[in-house]
Amino acid sequence: MRRERLTKIGYGLAPVLLTLVLACVILLLAGANPLRALGELFLGVFESGRKVADIAAAMVPLLLCASGMLITFAAGLWNIGVEGQMIAGALMTTWVVRSVEAPAALLLPLTILAGMLGGALWGLLIGALRTYGRINEIFAGLGLNYLGAALTNYLIFGPWKPPDGATMSGTEPFPQAAWMPTIGSTRASWLGILLAIGGIVVVYILLRDSYWGLKLKAIGLNDRSAHRLGIDTRGNMLLAFMACGLLAGLAGSLRTTAVYHRLIPSISGGIGYLSQLVVLLSGLRAQIVPLVVFFFSAVQVASPRLELRMGLDSSIGGVLQSAMVLFFLLVRGFRRRIQAEQEVAE
Amino acid sequence: MNIQLAEIVKSFGTLRANDGVSLSVAAGTIHGLLGENGAGKTTLMKVLSGYQPCDSGTIRVDGREVSFDSPEEAIAAGIGMLHQDPMDVPALSVLENFDLGRDGHQILNRRRARSELARHCRRFGFELDPDALVGSLTVGERQQLEMVRLLALGVRTIILDEPTTGISAPQKALLFETLRELAQEGLSLIFVSHKLDDVEQLCSRATVLRSGRVSGEAEAPFDADKLVSLMFGQCLSEVGRSDIAPGEPVLALDGVSVRSHRLQISDIDLTVRAGEVVGLAGLEGSGQRMLMQACAGLVHAHRGKVALDGADLTRAAYHRYLDAGVAYVPAARLEEGMVGGLTIREHVALAQEPTGLMVRWTEAETQAQGRIASYRVVGRPETYVASLSGGNQQRLLLALLPDHLKLLILEHPTRGLDIESTRWVWNRLHARRQEGTALLYTSTDLDELVAHSDRIVVFSGGQMSAPVAAADITCEALGYLIGGKGYEA
């Protein structure tokens, strides 16, 4: 038993160690002292309360998108269109902010609902293309991501351009009533944090204990049998896309109301793609997702410090994240192979 | 080629599939390997043909000890296996499949392959279209292709795993003739089966496995009772049809026509009454399955009317049929029937009547245990369905059916099951009919059709015969009907 546990821990640590080794190699090639760089990275995380709040702020959209992605993955769907769903949420939110004048207590809930609705409708579109148009959801989602980005640019440089001329910095700032309240003077919004925590908890329970979660699992594993067992496969796939879109749309909405306070051209910021890596790294387990999200966000927040202090490009953070995912998948594949060989040997 | 297996042991987890099995097969003979489902026959043969290594034991070919790490190595040594589920590539053509796995050339020489394929087919009287897609062939034709492929690769020993399952009577006769011819040429043939008749007809010697061990050997002519007791440890008597008076009509087909790109069935009239059992006979692919699917809304008639309990459901979706009390049990259990990656408990939960948002796991657990016990499934609530044996999957599929069905439709309800499991399945089905459920099923086993049906209809090329009372027909007569003779269409 003890040996088994040690092996398990070993397999869990291996990707981390491999990532560190790779990081050291890259840093050496870049002419930096790897130990110092990693030290800076680590210190960067816990530098101040402000940094911790920054990490929390970065975790919110990533956690929301990853929660949504867990739902579509459960149904066996590669919802690469999360980016587009975020964009749709941000666009709907901006539209509401621009057309409704109301106090914050009314406006903020409206922006949240609009964001959710926008994302859900975008998800429905991907789902409809998949179930009725017979277009693979990867292509449908990816195509719509580009459409979403183009639509954003059109709005920023067209109908929604600021009076003093359009720039890449986006629309006019939102009125104060549409700013999500923050914790103290930090960038973290308590409402966003609550919503993100609520999202992952609901998804966890949904997938573990609800009929709907069980149905999605059956569809994901074998949609033919699921249909024969009396499950409405089309309808449930559409619902899965919509539920994911709802969470991603909320993430997009919060990016405008809690972070930028305006609509900017790349409002999704690649978070949709990143959330895919998060879910893969968590092995599709909801309980692991917050940990991975924390890791990703911490690296992201801390890596600019490398640039500042050591003159290294801050993209090293992204390299670390991706390397971690690759090594995780590699170690898992290796482990399965070893196990298969052991079973044969026994 | 002489084959000797000595003390073969092979375990899967805690299960000893082979527990010290020894077997020798002499060149030029057809050796039967008998045993019920799960006795360890397929495991032993997969060891011999290089699909999986054994834990211990030795394999000798013509006195020389060998060990195979892959099927390719076994084939190179002259041993090939015909699997129960054909392991060909359905998306490729017959010719391309024939050419697969042949060494020595990187560029395909289609002309040579084509003439070689034709030569082998001629020799055995197989009619295989080289350009047809393998996916469109019947099981029997796929088997013929696989056999020809192995022979072209130069094998001297062929293992056949349940080769008579799912093939037609003429295909079976041709197969047996071919096997006898090959044996005369000095090839060794190992015939794996749980069908006594087949072994009696074909084999000169038989080894019987039971629970992973050799329970005995016998020489032709065989004593059937002895073989049965070696297989099961007890003698069985056939269950008969329980005669009950059928009730009101449940299913009414009126001039139903269905077509697919391959086949068309036209103007079918059929009424099935509560508690009645109607057997659909015919070569596979003659239209039986299509008709059954039309009775469950899985395909839709383009002409005619399908009514259940008097309500017209011709254009209704599958779930409306489910709501109306129809259940469909497919032959492809893990492809169409159940989800291999879900546990028994999860299947039970899916079959629950949902009362709220959340699954009632404790209730599902209790129910799963109950059904496992009453349907004698070898498994636990947390067992994944994919890891159950075929017979247990079939039991579970029946265990998951709702109570009080109006109409129960089954594709080959006992295919691949041993005698004991078959009897058990039919007992359950007869209990259903006592409750007034109408049964519609297909089978390629003529004895089964005659023994368990009230009426039988015969399909041939999309045409359906008028129903015959099963009590008035013998297996021989039924065989003639299936061959397309002796009835007015």
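Residues numbered from 1 in each chain as written. Chains lettered and ligands numbered in written order. Predicted model: local features only at pLDDT ≥ 70, side-chain atom pairs only at ≥ 80, totals over all residues.

1. What to know about the overall build of chain A
Phase 1 of the analysis: The secondary structure content of chain A amounts to 13 helices and zero strands.
Phase 2 of the analysis: When the helices and strands of chain A are read in sequence order from the N terminus, they spell out α-α-α-α-α-α-α-α-α-α-α-α-α.
Phase 3 of the analysis: A compact globule built from 346 residues would reach a C-alpha radius of gyration of about 20 Å, and chain A, at 21 Å, matches this within 12%.
Phase 4 of the analysis: Overall size of chain A, expressed as C-alpha extent along the three principal axes, is 70 × 60 × 30 Å.
Phase 5 of the analysis: Evaluated residue by residue, chain A yields a buried proportion of 48% over its 346 residues.
Phase 6 of the analysis: Summarising the internal contacts of chain A: among those between residues at least 6 apart in sequence, 77% fall at separations of at least 24. (Helix = DSSP H or I, 4+ residues; strand = E, 2+ residues; numbered from the N terminus. Rg over C-alpha atoms; globule rule 2.2 N^0.38 Å. Buried ≥ 20, exposed ≤ 12 C-beta atoms within 10 Å, placed from the backbone. Contact = placed C-beta atoms within 7 Å.)

2. Let's talk about the overall build of chain B
Phase 1 of the analysis: The number of helices and strands found in chain B is 17 helices and 21 strands.
Phase 2 of the analysis: Taking 489 residues into account, the globule formula puts the C-alpha radius of gyration at 23 Å, and chain B, at 24 Å, falls close to it.
Phase 3 of the analysis: Relative to its 489 residues, chain B shows a buried fraction of 44%.
Phase 4 of the analysis: In chain B, the proportion of contacts linking residues at least 24 apart, taken out of those at least 6 apart, comes to 68%.

3. As for the sheet that holds strand β15 (residues 311-312) of chain B
Phase 1 of the analysis: Strands sit in the order β12-β11-β14-β15 (chain B) across an open sheet of four strands; the sheet is antiparallel. In the strand order of this sheet, the two ends are held by β12 (264-273) and β15 of chain B, each with one partner. (Pairing = 2+ DSSP bridges.)

4. Points about the packing of helix α4 (residues 82-99) of chain A against helix α5 (residues 104-131) of chain A
Residues and elements named next belong to chain A.
Phase 1 of the analysis: Closest axis-to-axis distance for the α4/α5 pair is 7 Å, and the angle between their directions is 140°. Between α4 and α5, the interaxial angle falls into the category oblique. The handedness of the crossing between α4 and α5 is right-handed. Across the interface between the two elements, G84, Q85, M86, A88, G89, L91, M92, T93, V96 and V97 from α4 touch L110, T111, A114, G115, M116, L117, G118, G119, L121, W122 and G123 from α5. (Axes fitted to C-alpha atoms, helices over the stretch in contact; angles between N-to-C directions. Parallel < 35°, antiparallel > 145°, perpendicular 65-115°, else oblique. Left-handed = near helix turned anticlockwise from the far one by under 90°.)

5. Considering the domain arrangement of chain B
Phase 1 of the analysis: When the domains of chain B are assigned, the result is domain 1 (3-232), domain 2 (239-338 + 403-489) and domain 3 (340-399).
Phase 2 of the analysis: Inter-centroid distance (C-alpha atoms) of domain 1 of chain B to domain 3 of chain B is 34 Å. (Domains from an automatic or database assignment.)

6. A few points about the pairing of strand β3 (residues 30-34) of chain B
Side chains on a regular strand alternate between the two faces of the sheet.
All names here are of chain B.
Phase 1 of the analysis: The element β3 is extensively covered by neighbouring structure, given that five of its five residues are classed as buried.
Phase 2 of the analysis: Here β3 shows two buried faces, one formed by I30, G32 and L34 and the other by H31 and L33.
Phase 3 of the analysis: In the sheet, β3 pairs with strand β8 (residues 188-193) via five bridges, with the strands oriented parallel. What sits directly across from G32, in β8, is F191.
Phase 4 of the analysis: Judged from the four bridges that link them, β3 and strand β9 (residues 205-210) form a sheet pairing that is parallel.

7. Here we look at the interface of chain A and chain B
Interface size is commonly expressed as the accessible area that is lost once the parts come together.
Phase 1 of the analysis: Between chain A and chain B, the contact holds 16 residues from the first and 21 residues from the second.
Phase 2 of the analysis: For the side of chain A that touches chain B, the residue count by class is seven nonpolar, four polar and five charged. (Nonpolar A, V, L, I, M, F, W, Y, C, P; charged D, E, K, R; others polar.)

8. Focus on the packing of α4 of chain A against helix α6 (residues 137-157) of chain A
Residue and element names in this part refer to chain A.
Phase 1 of the analysis: Remark: α4 packs on α6, axes separated minimally by 8 Å, with the N-to-C direction vectors making an angle of 30°. Regarding the angle of α4 to α6, the classification is roughly parallel. Considering how the two elements wind past one another, α4 and α6 form a crossing that is left-handed. Of the residues in α6, those in contact with E83, G84, I87, A88 and L91 of α4 are G141, L144, N145, G148, A149, L151, T152 and L155.
Phase 2 of the analysis: For the contact of α4 with α6, the per-class residue count stands at seven nonpolar, five polar and one charged.

9. Some remarks on the environment of G50 of chain B
All names here are of chain B.
Phase 1 of the analysis: Here G50 shows up in the loop between α1 (41-48) and β4 (56-61).
Phase 2 of the analysis: What makes G50 buried here is the crowd of 23 C-beta atoms within 10 Å.
Phase 3 of the analysis: Between the C-alpha atom of G50 and that of V94, which follows or precedes it by 44 residues, the distance is 24 Å.
Phase 4 of the analysis: Discounting residues that sit within four places of it in the chain, G50 has contacts with F68, D69, S70, P71, E73 and A74.

10. Here we look at the nonpolar core
As a rule of thumb, soluble globular proteins bury nonpolar side chains together.
Phase 1 of the analysis: By size, the foremost hydrophobic cluster in this structure holds 176 residues, and its most contacted members are L62, C65 and L70 of chain A together with I409 and L440 of chain B.
Phase 2 of the analysis: Here the element with the most residues in this core is helix α3 (residues 49-74) of chain A; it accounts for 17 residues.
Phase 3 of the analysis: When residues of this core are sorted by domain, at least three fall in each of domain 2 (239-338 + 403-489) and domain 3 (340-399) of chain B.
Phase 4 of the analysis: Ignoring sequence-local partners within four residues, the contact set of L70 of chain A consists of V203, L207, V279, L284, A286 and V289 of chain A.
Phase 5 of the analysis: With 56 residues, the next largest nonpolar core counts L5, L48, V61 and M147 of chain B among its residues. (Core = buried A, V, L, I, M, F, W, Y, C linked by C-beta atoms within 7 Å.)

11. Describing the sheet that holds β3 of chain B
Residue and element names in this part refer to chain B.
Phase 1 of the analysis: Strand order in the open sheet formed by six strands is β6-β7-β8-β3-β9-β10, with mixed pairing between adjacent strands. The sheet terminates laterally at β6 (79-82) and β10 (213-219), the two strands that pair on one side only. Looking at each pair of strands side by side, their axes are set apart by 20° on average, direction ignored.
Phase 2 of the analysis: Lying on the sheet, helix α5 (residues 139-152) is in contact with β6 and β7 (157-161); it crosses β6 at an angle near 175°.

12. Quick word on unusual backbone geometry
Residue and element names in this part refer to chain B.
Phase 1 of the analysis: Note that the residue after A220, namely P221, is joined by a cis bond; omega there is -5°.
Phase 2 of the analysis: With respect to the helices and strands, P221 occurs in the loop between β10 and α8 (224-232).
Phase 3 of the analysis: Of note, E7 is a non-glycine position whose phi angle comes to about 50°, a positive value.
Phase 4 of the analysis: Residue position: E7 is located in strand β1 (residues 3-12).

13. Details of the pairing of strand β16 (residues 326-329) of chain B
Residues and elements named next belong to chain B.
Phase 1 of the analysis: Neither face of β16 is left uncovered, since the one carrying V326 and Y328 and the one carrying A327 and V329 both have all their residues buried.
Phase 2 of the analysis: Pairing of β16 with strand β17 (residues 407-411), which is carried by four bridges, proceeds in the parallel orientation. By the bridge assignment, V329 is partnered in β17 with L410.

14. Points about the environment of P34 of chain A
All names here are of chain A.
Phase 1 of the analysis: When you line up the elements, P34 lands in helix α2 (residues 34-45).
Phase 2 of the analysis: Judged by C-beta crowding, with 16 C-beta atoms within 10 Å, P34 ranks as partly exposed.
Phase 3 of the analysis: Filtering out sequence-adjacent residues up to four positions away, P34 remains in contact with A23, C24, L27 and L28.

15. As for helix α15 (residues 419-434) of chain B
All names here are of chain B.
Phase 1 of the analysis: When the terminal C-alpha atoms of α15 are compared, their 23 Å separation across 16 residues agrees well with the 22 Å that a helix rising 1.5 Å per residue should span.
Phase 2 of the analysis: Buried residues of α15: S421, T422, W424, V425, W426, L429, R432 and R433, and no others.
Phase 3 of the analysis: Of the residues flanking the end of α15, it is G436, one or two places downstream, whose phi is positive at about 100°. (Expected span 1.5 Å × (residues − 1).)

16. Comments concerning the environment of T72 of chain A
All names here are of chain A.
Phase 1 of the analysis: Position of T72 relative to the elements: it lies in helix α3.
Phase 2 of the analysis: Classification of T72 by C-beta neighbours within 10 Å gives buried; the count is 29.
Phase 3 of the analysis: Sequence-wise, T72 and F241 are 169 residues apart; in three dimensions their C-alpha atoms are separated by 6.3 Å.
Phase 4 of the analysis: Those residues in contact with T72 that lie beyond four places of it in its chain are L77, N79, A240, F241 and C244.

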